[in-house]
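Observations on the model geometry
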Amino acid sequence: MNPTAADLARENEELRQRLREAEELITAVRTGAVDALAIHGDDGPRIFTLESADHGYRHLIEQMSEGAVLLGLDGLVLYCNAALAHALGCGLSEILGRPFTYFVPPKYQAYWAELWQVGWNMQARGELPLQNGRDGALRPFSVSMNVLTFSGAPTLAVLLADMSAHKEISTIRSVVAKQNALLDRKNEELVRQQAARQAIERTAAEVSRVLEGIPQIAWTADLQGQSTYFNQRWFDFTGEILVSNVQLQARIHPDDFGPAVAKWRQCLLSFEPLEIECRMRNQAGDYRWMLGRAQPSRNEQGEVVQWIGTYTDIHEHKLAQERVTQAQSLLRDNNEELTRVNVDLDSFIYTASHDLKGPITNIEGLLAALTDELPIEARQRPPVHDILGMLTKSVERFQRTIEQLSDVAKLHREHGLASAPVPLAPVMQGVALDLAPLVRSAGAQLDIDLAEGVAVHFLEKNLRSLLYNLLSNALKYRDPARPPHVCLRAYPEGQQVRLTVQDNGLGISAAGQRKLFGLFERLHSHVEGSGIGLFMVKKMVENAGGRILVESELGVGSTFTVLLPQ
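Attention here is on the structure that accompanies the text.

Conventions used here
- Residues numbered from 1 in each chain as written.
- Predicted model: local features only at pLDDT ≥ 70, side-chain atom pairs only at ≥ 80, totals over all residues.
- Heavy atoms only, no water.
- Helix = DSSP H or I, 4+ residues; strand = E, 2+ residues; numbered from the N terminus.
- Buried < 20%, exposed > 50% of the residue type's maximum accessible area, 1.4 Å probe, protein only.
- Contact = heavy atoms within 4.5 Å.
- Areas by Shrake-Rupley, 256 points an atom, 1.4 Å probe, with all protein chains shown as cover.
- Axes fitted to C-alpha atoms, helices over the stretch in contact; angles between N-to-C directions.
- Parallel < 35°, antiparallel > 145°, perpendicular 65-115°, else oblique.
- Left-handed = near helix turned anticlockwise from the far one by under 90°.
- Nonpolar A, V, L, I, M, F, W, Y, C, P; charged D, E, K, R; others polar.
- Salt bridge = Lys/Arg side-chain N within 4 Å of Asp/Glu carboxyl O.

**Some thoughts on the overall build of the protein chain**
- Helix and strand counts for the protein chain come out as 16 helices and 19 strands.
- By residue count, 30% of the 566 residues in the protein chain fall in the buried class.
- The long-range fraction of contacts in the protein chain, counting pairs at least 24 apart against all pairs at least 6 apart in sequence, stands at 52%.
- Of the roughly 35,900 Å² of accessible surface on the protein chain, a fraction of 56% belongs to carbon and sulfur atoms.

**Re the environment of N245**
- Mapped onto the elements of the fold, N245 is located in helix α8 (residues 245–251).
- Setting aside anything within four residues of it in sequence, one finds N245 in contact with G225, Q226 and S227.

**What to know about the packing of helix α14 (residues 460–476) against helix α16 (residues 533–543)**
- Put simply, α14 and α16 touch, their axes get as near as 10 Å, and they point 140 degrees apart. With respect to α16, the element α14 is oriented oblique. The element α14 and its partner α16 pack so that their crossing is left-handed. Contacts between α14 and α16 involve N462, S465, L466, N469, L470 and N473 from the first element and G533, L534, V537, M540 and V541 from the second.
- For the contact of α14 with α16, the class distribution of residues is 6 nonpolar, 5 polar and no charged.

**Focus on the pattern of salt bridges**
- This structure, assessed with the given rule, holds 14 salt bridges.
- With its nearest N and O atoms 2.7 Å apart, the salt bridge here joins R192 to E189. Highlighted residues: R192 and E189, both in helix α6 (residues 164–213), separated by 3 residues, approximately one helical turn.
- Salt-bridge contacts for R288 lead to E316; the nearest nitrogen and oxygen are separated by 2.8 Å. In this pair, R288 is assigned in strand β11 (residues 287–298) and E316 in helix α10 (residues 315–373), connecting sequence segments 28 residues apart.
- Each of R288, D313 and E316 takes part in salt bridges that share partners, so that together they form one network.

So, in structure tokens, the structure goes:
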């Protein structure tokens, strides 16, 4: 059908109208009066105005799973997408125009107010629970907000992402983490058990190597006393391949069997450590002394699970011990015999010194009578005078020897007598007065240095004799080449008192020091003496539980050191 002129005119007018509208739109776009977007396609450029773009944006907002809402300055909901309406359990008509705070729980109103203020000034983010409009249930949301212009007015655009799934995922992750941690602990426990089992196996192997490597016979037994293990040393000792309790008991000497079995049974009941000595027969048929020891072995709970023991060959030690016992018995017999001899000797010395006093007194009297009977001229003639002098000196020496023998006998009898603390200073003062003439005649210097209040456990008369002997010897055996200088010191030292007498006299050789304290030993003949003084000093010191020492050098001098109990 051909169009009429009227139709063509009408179509022409419509095209011109559309062209004018297109030109006006293009002019508006060019001048910025209308927001539009130009898209180039196959059929040429297409112009999308704000209305068309807003339509696509709204479609995007409605389709996304996150909630979206536009809020006015008064906090009223101007727009809400379907996702948020569904999450809040309300229809759009129930949300639009309602204050958004209606859906904010009371507990979080203050937090929302703070977030609201920040959002109007800058982009803001936070987390906030919203309550369902139907049942009041709370759902967590992540909130982000920004200011937009809507219909020419500023609005607050709020995007809300439901955090429930995130929470569930976190919960699931937590459960999974706990399960993984549990599995890790179980795996660690399995690893520890495996390591412990390997350690036990290594320990068992090491124990086996140790038990097989020691020179003693090693064995184990159960709680009933039945043998469960013997190392190779046992089979080397017995020469047997197998072992049993019957074989073990047959190896014990009949005299030792009863006591050994009784001790073993007692230990099985009390769990006390076992220690016995018994003779056991080796493969050659000889009995050898063995020291048997055993300890109860306990588990981690402290329960006894078995016995571990050893047999140690002590045969040579036992024989040596028997020889020592015999020697000690013989020594005791000898000591008793020596004690009897000493008692007899003391009695002899006492009797001899007592019995000799009478004859020597008679000799002294006869010598005096003979002297009186001789004329004065005869007594003064050289042979007679010299003989009478020698006789007189011999009698005096004999009398001194008898007196010293009596002193030795008394010293033996005083051994063991109780002593009391004796202050050293008063005794020393008395000895110094007695020695004053000898000190003056020798031109000696005597220095005394005593600690304040020092005292010794000693018999007072013996202490005086000790000091007198040591000091008088230091003065008598002086070196004529130099003035004598004697120094006495005494001071406490632990539980003892150290007393020293030091001189610059002749000195004593090493050989002389070894026999210095012997009875009747004399090292110098130019000084009168009997050689009994230092012997008695040593006996007195030892009887009191002390010691006496000497250090000396020829031509330099000597130092005597006495240690006495306080």
